[in-house]
Number of protein chains: 4
Amino acid sequence: MAENTLGKLFRITSFGESHGPAVGVVIDGLPSGIDIDTEVIRQQLRRRRPGQSIYTTPRNEADEFEILSGIYNGLTLGSPVCIVIQNQDQRSNDYDELAQIYRPGHADYTYSAKYGNRDHRGGGRSSARVTAGWVAAGAIAEQVLKMYVGVEIVAWVDSVYGQQCPQLPSISRSIVDASAVRCPDPETSSRIEKLIEDAKNEGNSLGGVINCSIRNCPAGLGEPVFGKLNARLAHSLMNLNAVKGIEFGEGFEASKMKGSHMNDSFYKDESGVMKTKTNHSGGIQGGISNGQEIFYRLAFKPTSTISLQQETVNKQGENVIINSTGRHDPCVLPRAVPIVESLTAITLLDLWLENKTGSIK
Amino acid sequence: MAENTLGKLFRITSFGESHGPAVGVVIDGLPSGIDIDTEVIRQQLRRRRPGQSIYTTPRNEADEFEILSGIYNGLTLGSPVCIVIQNQDQRSNDYDELAQIYRPGHADYTYSAKYGNRDHRGGGRSSARVTAGWVAAGAIAEQVLKMYVGVEIVAWVDSVYGQQCPQLPSISRSIVDASAVRCPDPETSSRIEKLIEDAKNEGNSLGGVINCSIRNCPAGLGEPVFGKLNARLAHSLMNLNAVKGIEFGEGFEASKMKGSHMNDSFYKDESGVMKTKTNHSGGIQGGISNGQEIFYRLAFKPTSTISLQQETVNKQGENVIINSTGRHDPCVLPRAVPIVESLTAITLLDLWLENKTGSIK
Amino acid sequence: MAENTLGKLFRITSFGESHGPAVGVVIDGLPSGIDIDTEVIRQQLRRRRPGQSIYTTPRNEADEFEILSGIYNGLTLGSPVCIVIQNQDQRSNDYDELAQIYRPGHADYTYSAKYGNRDHRGGGRSSARVTAGWVAAGAIAEQVLKMYVGVEIVAWVDSVYGQQCPQLPSISRSIVDASAVRCPDPETSSRIEKLIEDAKNEGNSLGGVINCSIRNCPAGLGEPVFGKLNARLAHSLMNLNAVKGIEFGEGFEASKMKGSHMNDSFYKDESGVMKTKTNHSGGIQGGISNGQEIFYRLAFKPTSTISLQQETVNKQGENVIINSTGRHDPCVLPRAVPIVESLTAITLLDLWLENKTGSIK
Amino acid sequence: MAENTLGKLFRITSFGESHGPAVGVVIDGLPSGIDIDTEVIRQQLRRRRPGQSIYTTPRNEADEFEILSGIYNGLTLGSPVCIVIQNQDQRSNDYDELAQIYRPGHADYTYSAKYGNRDHRGGGRSSARVTAGWVAAGAIAEQVLKMYVGVEIVAWVDSVYGQQCPQLPSISRSIVDASAVRCPDPETSSRIEKLIEDAKNEGNSLGGVINCSIRNCPAGLGEPVFGKLNARLAHSLMNLNAVKGIEFGEGFEASKMKGSHMNDSFYKDESGVMKTKTNHSGGIQGGISNGQEIFYRLAFKPTSTISLQQETVNKQGENVIINSTGRHDPCVLPRAVPIVESLTAITLLDLWLENKTGSIK
């Protein structure tokens, strides 16, 4: 069974291959009567867009989208919203030799093993190009969360190749976008820019970490015992290409702690709002949001596509040497920031709708 | 919407509260005609059972299970298998004072915020007691995977409070169970035992890391783009109490690597089998198993229940001091090992069945 | 993939075989904080119970149920409610010869063809015994609908073997239960009682029609385009043993009508409430309730189990003559009335919860 | 929660409004490596197309479709297939007055009650125009069933306004299409043609019955207890506009029968194949196909759109008189034949894939 739908109540169904006619998404479960600002969709797509800076792949896609259904007179109808993004700069013949080769680190071999027939051009279905549809859907989810719940989601590049951003007080999207590599600390940003340039020149690629912060999320989101908030977020985000790890709050550090240190003490603030003195848990207890900031970190491996010589195997089972020449990102993290935000918004809106059905009133 | 069902084709539905009449599970989608060895279920339940050693909670539950349906003449019928485990050693009045208090680090407050009505006794629905049902289901899934696919799953305690096990060549369940704390290296095991004893005496608790290895898994499991193998495993395992992070292969280390180092080169071995020279990816590419060992690590926070004094808030919104007295595990990791294996088996069998429907032949 | 779960937000998972240890149900998605009256469950189970009159099977089952989870202090917890009904009067050896024979009209052959391993005792999983769990769940759904939405559901026997009840003004459950065969018209009831007695003496069985009326259902329930109210009800009810047809409003009569006759004209009544002058549609337009009475009819075939000689085939593929001797209902309709109501309530509560998520406010 | 997806393993997600930019479908779960003949899609769309004869609506839509994804080199990839059909002959201003009026028998009022914001043009989302996408998907499902399972599906018009076709031995699609109204008996066809012409001239519309026959379906399809073959088909087909009833085999006639008459005796034919002497059940026992012909009938109400004067209510709650002038079918049945076949194929392929997962081998 294929699984190209994400979500329970707010659901997105993804379609499209990197070098087919189009990629896109069908959004089902978007409530009716909501005013959608298409400019917000455009903005997030622009942040994900290839070719936006020298730190990203030179593939040039305007990523113009068309809404085929579900919106009438600017308001949602309660019916599915289909958004299509045409593929333009395809240069399929760049990929001719790759039809016969399983690139190291890529999904070429596993797709062949699973599906037999494979669209090798630009990675086909396994390409991060398909996330354009996710970002369009996420931009809609985010609007709804902002308007009706007040939630704010900000992701940023925390480290690349081990160069890590210091802890900063309050990070906004404008601060993030002030950096060409979406790292909010100017000094770290410069170091990362230099690292990426070097990697690019070297024909190599770099991994890194993206942090994500959700503010103003009400308590009560998350559906135990198999739809816990952290489980649902981990599921969504682990579907993002190149993600190899996720941790909430203290994450792996928590494995080195004692309970007396890890536990976040509750208190009521002067206005009677429930708060915690620390936030080691990352805003989640028992799989349910507690009203504090939700915080997690995502480990990205370096992009598989590099121009350096590599040993591998071809379709005929022969050992071969490969020199990739396709366009690629030396470091995917700057462009992955809006995708992380989008998957977060999609999952959070879904859980917010789910939570509405948990009480009868 | 509640989410107490895990899986798509092989599905388990969990029910029960810690101190209600029983906990249990309904398994749907178990193919017909399979010979189930109930002794294997008994074994895994025994490994999860409280009171099995001085390193675990003294709550005493025999964890006898009853199969109410779905098996006839020792063979599965293709109909749902309902397994019930009675709660015996309940001592509900141990928890009377907790009805009014939100313990730090616990799900008391978030359950109250979400559900209003809450069974506070022993954590109610949020208790790890409900994982007894998961383990029973997992023991069935594991049998099927072993018999029909040849898959082997082994989890172990890799570290507690930072004391980490060295890398060992091949870890089997009998090696793991030779250690009272399920750490396969005798020396590290001793150190961890000491740490847990100290924490117990101190009234404190400790976090740690569990590693899991899946061997002999065929290539092709995992369903892009939203049911990737790593995403599905992360989802299942993040639903396990106290898990704060998961990483596959190099995981967070990959964020500090270059592509030329991270990429695993393919080669055909002398018998023509596709292999990789390294396994930095943890056996997964593009969200699909590649036939190599699948490997991941789980960060567990220290148990929330400690006997030390803590500040918190009660139901009336007053700041109070709490001294927990309920029985608890100073370190959940030894008992979590079979739960990790169970959730892994449930997810893997599901994806194996899903993969069968991806081709028509 | 097995499908033993019904519903999307309010979901019931059915388990159990006729002569296994127990049958039952797990209800997930029941909102928290609801006061459940277990006496209502008992009542509906009593109306479904075998042995309640001379018109039903003499199998004697008290149908005592046990609630294992999900309710604390009389209120729902928002966690799954597991209800178990033990099988008592099993007389399994009554069925020994049936292990080898495919009874005409029964599911013996199709279950064998599909599952291989089959529990032949009393029909095993294909027995209507499993509907006891559905009725328990339905009694809960009905309470919620009554308390929070004001919905009333009444089903009755409209005809047996062609003897049809005249149209009556307003049928309540007490009127229905005043008849031993649940036909609200005393004269037709007498005729049907006589017919059933004759069929019983003859060793034969009879078909019939059950009508169902839903009153006070708000407008807006039903989820186009694939979860239309009529589609969802048809799905649920077609899963009930022996149902061979369903029609809404005019149903098959509508196929002989013109639009000018079929269309129900809208008007606003004196209090400004939207109404229709006629109700040919049965209260549904475009798959959504319009606020009028919802009405449908279900065709039941005669029970397959009869005592008359019949020709059939055995497991060895030999032509044989069969004389069934198992206990059975000569006419299932009187006992099917509460099952129809239950499936209706389950589906309606589900759609009511779904409708809550369609708007954002 | 919206429900615009049909199916479990083979799933179609429908999108589009009658007078929006396009209607379409995303097909997920189509196995990889299948050779798709787009001409078959074109053919079925042509049979559903408006304006194909004087008996159908004069709206003129070429129904050209575009495949955006999921097929490469003529073979399926195992990824989602998105098919888009542009809306061309929209004449939206034909519908201006309808924005304010709730037409009798239409979904105008219920959509307003449910969604608030409504695209009134041509019925918007409630229009049968959206079934174009279903037919495209059905044409694909049918190919797969034919190629890999040998299944044949034929539907035809059995009656219109009470004029009923006599029972015919073996009905093929070419016989059906030889009639302008898709009634396989030439004499009845003529009578029906005359009836439709009269209704058209009168500004009225007519109901009727469509029969559907599935041949060569293997035994074992259908998933008790909530995914029975008849329940799944009833669900799919009841989602088709204007369907008010469905019956399998003897259907409502069975309610007037005795068990001794209704039961279909099994026998093995000379080649050892299991057969039944009669087929009163319509090829289904216990919700599972028995290998015989599957047969059912669908009652269609007359189209709601008529040109005759009707009383109704407008948005402001005033009683008004309406004269519809939009283009419409005086009788939808001829065009509904391929839609019935398509929904049948979609459901059957889904259940065929589901059945594959029921056994482990």
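Remember, it's a predicted structure, so these values are computed and weren't measured experimentally. (Residues numbered from 1 in each chain as written. Chains lettered and ligands numbered in written order. Predicted model: local features only at pLDDT ≥ 70, side-chain atom pairs only at ≥ 80, totals over all residues. Heavy atoms only, no water.)

Q: Can you walk me through the overall build of chain A in this structure?
A: A count of helical and extended segments in chain A gives eight helices and 19 strands. The C-alpha radius of gyration computed for chain A amounts to 21 Å, which stays within 12% of the reference 21 Å derived for 361 residues, consistent with globular compactness. Oriented by its inertia axes, the alpha-carbon framework of chain A measures out at about 65 × 50 × 35 Å. Sorting the 361 residues of chain A into buried and exposed places 69% on the buried side. Between the centroid of the 37 positive side chains of chain A and the centroid of its 40 negative side chains there is a distance of 3 Å. (Helix = DSSP H or I, 4+ residues; strand = E, 2+ residues; numbered from the N terminus. Rg over C-alpha atoms; globule rule 2.2 N^0.38 Å. Buried < 20%, exposed > 50% of the residue type's maximum accessible area, 1.4 Å probe, protein only. Lys, Arg positive; Asp, Glu negative; His and termini not counted. Charge placed at Lys NZ, Arg CZ, Asp CG, Glu CD.)

Q: It is not clear to me how the side chain of aspartate 158 of chain D should be interpreted in this structure. Could you clarify?
A: All names here are of chain D. Position of aspartate 158 relative to the elements: it lies in strand β9 (residues 152-160). For aspartate 158, the side chain forms a polar contact with the side chain of asparagine 211, separated by 3.4 Å. The residues contacting aspartate 158, other than those within four sequence positions of it, are Gln163, Gln164, Cys165, Val209, Ile210, Asn211 and Arg297. (Polar contact = N/O pair within 3.5 Å; in protein donor to acceptor, adjacent residues only side chain to side chain. Contact = heavy atoms within 4.5 Å.)

Q: What is the right way to look at the relation of the copies chain A and chain B in this model?
A: Taken as rigid bodies, chain A and chain B are interconverted by a rotation of 180 degrees and an axial shift of 0.0 Å, the fit giving an RMSD of 0.0 Å. A rotation of that kind, with that shift, is consistent with a two-fold axis. Closest approach to the rotation axis within chain A is made by the C-alpha atom of histidine 235 of chain A, at a distance of 2.4 Å. Both copies contact each other with a shared surface, as 100% of the interface residues of chain A are interface residues in chain B too. (Least-squares fit on C-alpha atoms with pLDDT ≥ 70 in both.)

Q: Can you help me understand the relation of the copies chain C and chain A in this one?
A: The two chain copies are related to each other by a rotation about an axis together with a translation along it. Here chain C sits on chain A after a turn of 180 degrees about the axis and a move of 0.0 Å along it, with an RMSD of 0.0 Å. Both copies contact each other with a shared surface, as 100% of the interface residues of chain C are interface residues in chain A too.

Q: What is the right way to read the interface of chain C and chain A from this model?
A: Interface size is commonly expressed as the accessible area that is lost once the parts come together. Contact with chain C, which involves 14 residues of that partner, is made by 14 residues of chain A. Roughly 1,300 Å² of surface becomes buried between chain C and chain A when both sides are summed, with 62% attributable to carbon and sulfur atoms. In terms of surface lost to chain A, no three residues of chain C exceed Lys356, Thr357 and Ile360 of chain C, which account for 48% of the buried area on that side. Where chain C packs against chain A, one counts zero salt bridges. Counting the contacts that link chain C with chain A gives five residue pairs in polar contact (both at pLDDT 80 or more). Elements with a minimum of two residues in the side of chain C that touches chain A: α3 (131-148) and α8 (333-356) of chain C. A total of three residues in the side of chain C that touches chain A trace back to one element, the largest contributor, which is α8 of chain C. Within the side of chain C that touches chain A, the residues separate by chemical class into eight nonpolar, four polar and two charged. (Buried area = accessible area lost by both parts, 1.4 Å probe. Salt bridge = Lys/Arg side-chain N within 4 Å of Asp/Glu carboxyl O. Nonpolar A, V, L, I, M, F, W, Y, C, P; charged D, E, K, R; others polar.)

Q: I would appreciate a short explanation of the sheet that holds strand β2 (residues 11-16) of chain A in the present structure.
A: Either a parallel or an antiparallel arrangement is found when strands of a sheet pair, and the pairing is made through backbone hydrogen bonds. All names here are of chain A. The strand order across the open sheet built from five strands is β1-β2-β3-β7-β4, with neighbouring strands paired in antiparallel fashion. Edge positions in the sheet fall to β1 (5-6) and β4 (65-67), since each has one partner strand and no second. Two elements, strand β3 (residues 22-28) and strand β7 (residues 81-86), share six bridges in a ladder whose sense is antiparallel. Residue valine 23 lies in a different strand from β7, and its bridge partner there is isoleucine 85. (Pairing = 2+ DSSP bridges.)

Q: What am I meant to see in the interface of chain A and chain B here?
A: Contacts between the two partners involve 105 residues from chain A, matched on the other side by 105 residues from chain B. Both sides together, the interface formed by chain A and chain B hides about 8,300 Å², and carbon and sulfur atoms give 59% of it. For the pair chain A and chain B, the number of links is eight salt bridges. The partner of lysine 258 of chain A in a salt bridge is glutamate 202 of chain B, and the shortest N-O contact between them spans 2.9 Å. Connecting chain A to chain B are 57 residue pairs in polar contact (both at pLDDT 80 or more). Along the lines of polarity and charge, the residues of the side of chain A that touches chain B split into 46 nonpolar, 39 polar and 20 charged. Pairing analysis gives three bridges linking strand β12 (residues 243-248) of chain A to strand β12 (residues 243-248) of chain B, with the strands arranged antiparallel. Each residue of the ladder has a partner; that of isoleucine 246 of chain A, found in β12 of chain B, is isoleucine 246 of chain B.

Q: Please clarify how unusual backbone geometry should be interpreted in this entry.
A: Trans peptide bonds make up most of the peptide bonds, and negative phi angles are found at most residues other than glycine. Looking along the chain, the bond that leaves proline 224 of chain A and enters valine 225 of chain A is cis, with omega of 0 degrees. Although it is not a glycine, tyrosine 161 of chain B sits at a positive phi angle of roughly 50 degrees. In this fold, tyrosine 161 of chain B is placed in the loop between β9 (152-160) and β10 (163-164). Its identity is not glycine, yet arginine 182 of chain B carries a phi of approximately 60 degrees, on the positive side. Locating arginine 182 of chain B in the fold gives a position in the loop between α4 (173-177) and α5 (186-202).

Q: Is there a simple way to think about the pairing of strand β17 (residues 294-300) of chain B in this case?
A: Across a regular strand the side chains alternate sides, sitting on one face of the sheet and then on the other. All names here are of chain B. In terms of burial, β17 is largely enclosed, as six of its seven residues are buried. Pairing between strand β11 (residues 208-215) and β17: seven bridges, direction antiparallel. Paired with glycine 208 across the strands is phenylalanine 300, a residue of β17. The sheet contact formed by β12 and β17 spans five bridges and is antiparallel. Opposite isoleucine 246, over in β17, you have leucine 298 as the bridge partner.

Q: Honestly, the pattern of salt bridges in this entry has me stumped. Any pointers?
A: Pairing between side chains becomes possible if they bear opposite charge and their charged atoms approach one another. For the structure shown, the criterion picks out 108 salt bridges over all chains. Here aspartate 177 of chain A and arginine 182 of chain A are joined by a salt bridge, their closest N and O atoms 2.8 Å apart. For aspartate 177 of chain A, a relative accessible area of 35% translates into the label partly exposed. Arginine 121 of chain D is the partner of aspartate 119 of chain D in a salt bridge, and the nearest nitrogen-oxygen pair spans 2.8 Å. On the accessibility criterion, aspartate 119 of chain D (5% relative accessible area) is buried. One salt-bridge network, held together by shared partners, links Arg47, Glu142, Arg173, Asp177, Arg182 and Glu341 of chain A.

Q: Help me understand the sheet that holds β17 of chain B, please; the structure alone is not making it clear to me.
A: Across the sheet, which stays open at both edges, the 10 strands sit in the order β10(A)-β9(A)-β11(A)-β17(A)-β12(A)-β12(B)-β17(B)-β11(B)-β9(B)-β10(B) with antiparallel pairing between neighbours. Of all strands in the sheet, those with a lone pairing partner are β10 (163-164) of chain A together with β10 of chain B, marking the two edges. Across two bridges, β9 of chain B lies against β10 of chain B in antiparallel orientation. Paired with valine 160 of chain B across the two strands is glutamine 163 of chain B, which belongs to β10 of chain B. Each of β11 (208-215), β12 and β17 (294-300) of chain A together with β12 of chain B touches helix α6 (residues 229-238) of chain A; the most contacted strand, β12 of chain A, lies at about 160 degrees to it. (Axes fitted to C-alpha atoms, helices over the stretch in contact; angles between N-to-C directions.)

Q: Sorry if this is basic, but what is going on with the layout of surface pockets here?
A: Residue and element names in this part refer to chain A. Its volume calculated, the second largest pocket comes out at about 1,200 Å³. Looking at the second largest pocket, it is lined by 46 residues, and the ones nearest its centre are Glu247, Gly249, Glu250, Phe295 and Arg297. Taken together, the elements giving at least two residues each to the lining of the second largest pocket come down to β9 (152-160), β11 and β17. If one sorts the elements of the lining of the second largest pocket by residue count, β11 sits on top with four residues. Grouping the constituent residues of the lining of the second largest pocket by class yields 11 nonpolar, 22 polar and 13 charged. (1 Å grid on protein atoms, 1.4 Å probe; cavity = no way out; pocket = protein on both sides within 12 Å on 5 of 7 lines; lining within 4 Å. Points joined across faces, edges and corners; volume = space filled by probe spheres on them.)

All quantities given are derived from atomic positions and should not be read as evidence of function.
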